[in-house]
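Coordinates in review
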Amino acid sequence: MLIRLRRGWEIPERLATPEDVYLNRRTFLQALGVTGLSTIGALMGCNREGQSQSATEAPPPPIGLPTPSATANLYPAKRNEHFTLDRPLTDEPIAARYNNFYEFSPNKQQVSRLVNAFQTRPWQIEVRGLVKKPQTFAIDELVRRMPLEERLYRHRCVEAWAMAVPWTGFPIKALINLVEPLSSAKYLRMVTFNNPEQAVGMNDDTYPWPYFEGLTMAEATNDLALFVTGIYGHELTKQHGAPMRLVTPWKYGYKSIKSIVRIEFTDQQPPTFWATLVPREYDFSANVNPAVPHPRWSQESERLIGTSDRRQTLLYNGYGEFVADLYKT
Ligand SMILES: Nc1nc2c(c(=O)[nH]1)N[C@H]1C(S)=C(S)[C@@H](COP(=O)(O)O)O[C@H]1N2
Ligand SMILES: [Mo]
């Protein structure tokens, strides 16, 4: 039996619809008698051969809110009407059950089922490195001090699916101002929580956990760059990266690191999770650009999840008026 094993990140989303991946993987696992979660990643993508069975599927889980917090009453926040969309908002149940969060599963449709044990309070965020005022914030105190607003943003995953979401959060700039970076600070490095007991996918040690990402200072202080603590008018759910995640809508989704515990100001370009795993496929800047194909698939168009709509992908995901100046040479 010859099985071509491929990791989830090795196939464009277009070639592996989540339904195919999920149903065939189930069949596969059953046939092999495999139940170990660590094998799921290795089996992602060996699909499309056998036809999907109508597996007796459990009903979808409710849209899980995070661990109770002291700031739930801050939502919904006032919408900033400056940010408009060219497409309908994605329905919340669609966005809530289609998540890239490898700490829980490499299968986007499984993540929301696996986040229950994840504790998002108490939660602290340490800010350190090249700043005048390094400090550790309790998340609810930080959120209370920040100017929360709602923004409608497009989101474009490198796998060529897209959605449009109402995020609630605050400009990264507001947090940067609190800690006063030194002039030597050129980059922000951000790190996700590390707890394999609460996040079952972290037991797969083929990944360099915990997840890490970075931005230049110019990117981080751009108006568009948000730290997000809410979605669809309520607190951020676990599967979307509670209690606080990054959102940089002109970049591919993998930059928008979830469930952040540490932010460090440095003078060196920080390594990133996906570029560490597959350097020739995932670069540091990760700006959305339809003219630059991924090494194994085109980036010219994208599928809007929950619909059969396919759209042309726009340079900087349509946010050129805000960010193009950052990349002029
Ligand atoms: N810690 C962490 N952050 C992450 C990821 C991840 O696997 N782990 N996936 C990224 C990718 S590839 C995308 S497309 C978005 C998905 O965000 P969503 O699930 O809220 O749609 O989260 C990003 N942030
Ligand atoms: Mo992504």
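1. Digging into the side chain of Glu 235
With respect to the helices and strands, the residue Glu 235 is situated in strand β8 (residues 234–235). Looking at Glu 235, its side chain comes within polar contact range of the side chain of Ser 69, at 2.6 Å. Side chain to side chain, Glu 235 and Arg 121 meet in a polar contact 3.5 Å long. Beyond its immediate chain neighbours, meaning those up to four positions away, Glu 235 contacts Leu 65, Pro 66, Ser 69, Thr 71, Ala 72, Tyr 75, Arg 121, Thr 229 and Gly 230.

2. Description of the nonpolar core
When a protein is soluble and globular, its nonpolar side chains tend to lie buried together. Of all hydrophobic cores here, the largest spans 78 residues; its most connected members are Phe 227, Ile 263 and Phe 265. If sequence neighbours within four positions are ignored, Phe 265 has contacts with Val 127, Arg 128, Gly 129, Leu 130, Val 131, Ile 176, Val 179, Pro 181, Ala 185, Tyr 187, Leu 188 and Met 217.

3. As for the site of ligand 1
Near ligand 1 lie 19 residues; those nearest to it are Tyr 102, Glu 103, His 240, Ser 256 and Lys 258. At a separation of 3.2 Å, a nitrogen atom of ligand 1 approaches a polar backbone atom of Asn 100. At 2.6 Å from an oxygen atom of ligand 1 is found a side-chain nitrogen or oxygen belonging to Lys 258. Contact with the protein chains covers 99% of the free accessible surface of ligand 1, which is 540 Å². When the residues that make up the shell around ligand 1 are grouped by side-chain class, the tally is eight nonpolar, eight polar and three charged.

4. Topic: helix α5 (residues 172–179)
Every buried residue of α5 is accounted for by Ile 172, Ala 174, Leu 175, Ile 176 and Val 179. Positive phi shows up at Glu 180, right after α5, with a value of about 55°.

5. A few points about the sheet that holds strand β2 (residues 135–138)
The five strands lie next to each other as β2-β1-β10-β5-β6, forming an open sheet whose pairing is mixed. For this open sheet the edge positions go to β2 and β6 (212–216), each flanked by a neighbour on one side alone. Taking each pair of neighbouring strands and ignoring which way they run, the sheet shows an average axis angle of 15°. As paired strands, strand β5 (residues 187–192) and strand β10 (residues 260–266) are joined by six bridges and run antiparallel to one another. From the neighbouring strand, Thr 192 faces β10, where its bridge partner is Ile 260. Seen against the sheet, α5 touches β1 (124–129), β2, β5, β6 and β10 and runs at an angle of roughly 130° to β2.

6. Considerations on unusual backbone geometry
Omega for the peptide link from Tyr 75 to Pro 76 comes to -5°, which places this bond in the cis form. With respect to the helices and strands, the residue Pro 76 is situated in the loop between α2 (40–43) and α3 (92–95). The step from Ala 242 to Pro 243 runs through a cis peptide bond, and the omega angle for that step is -5°. Within the secondary structure, Pro 243 sits in the loop between β8 and β9 (245–247). A positive phi angle is found at Ala 286, which is not glycine, with a value near 55°. With respect to the helices and strands, Ala 286 occurs in the loop between α7 (273–277) and β11 (301–304).

7. Brief notes about the confidence of the model for the chain
Averaged over every residue, the pLDDT of the chain is 87; the share at 70 or more is 81%. The weakest mean pLDDT in the chain belongs to α2 at 32; the strongest belongs to β9 at 99. When the criterion is pLDDT under 50, residues 1–5 qualifies, and its contacts beyond four places in sequence or with other chains add up to eight contacts. For residues 16–55, every residue scores under 50 in pLDDT, and the model assigns this stretch 67 contacts once sequence neighbours within four places are set aside.

8. Some details on the pattern of salt bridges
One pass over the structure, following the stated rule, counts 20 salt bridges. Between Glu 150 and Arg 79 there is a salt bridge, and its shortest N-O distance comes to 2.8 Å. Of the two residues, Glu 150 sits in strand β3 (residues 149–156) while Arg 79 sits in the loop between α2 and α3, which places them 71 residues apart along the sequence. The exposure class assigned to Glu 150 is buried, which follows from its relative accessible area of 7%. On the basis of relative accessibility, which here comes to 33%, the residue Arg 79 falls in the partly exposed class. Measuring nitrogen to oxygen at the nearest pair gives 3.1 Å for the salt bridge that ties Arg 311 to Asp 309. Judged by its relative accessible area of 25%, Arg 311 is partly exposed.

9. Focus: the environment of Met 190
Position of Met 190 among the secondary structure elements: in strand β5. Given a relative accessible area of 0%, Met 190 falls into the buried group. Other than its neighbours up to four places away in sequence, Met 190 contacts Tyr 211, Phe 212, Glu 213, Gly 214, Leu 215, Phe 227, Leu 246, Ile 257, Ile 260, Arg 262 and Ile 263.

Conventions adopted
- Residues numbered from 1 in each chain as written.
- Chains lettered and ligands numbered in written order.
- Predicted model: local features only at pLDDT ≥ 70, side-chain atom pairs only at ≥ 80, totals over all residues.
- Heavy atoms only, no water.
- Helix = DSSP H or I, 4+ residues; strand = E, 2+ residues; numbered from the N terminus.
- Polar contact = N/O pair within 3.5 Å; in protein donor to acceptor, adjacent residues only side chain to side chain.
- Contact = heavy atoms within 4.5 Å.
- Core = buried A, V, L, I, M, F, W, Y, C linked by side-chain atoms within 4.5 Å.
- Buried < 20%, exposed > 50% of the residue type's maximum accessible area, 1.4 Å probe, protein only.
- Near = heavy atom within 4 Å.
- Areas by Shrake-Rupley, 256 points an atom, 1.4 Å probe, with all protein chains shown as cover.
- Nonpolar A, V, L, I, M, F, W, Y, C, P; charged D, E, K, R; others polar.
- Pairing = 2+ DSSP bridges.
- Axes fitted to C-alpha atoms, helices over the stretch in contact; angles between N-to-C directions.
- pLDDT = per-residue confidence, 0-100.
- Salt bridge = Lys/Arg side-chain N within 4 Å of Asp/Glu carboxyl O.

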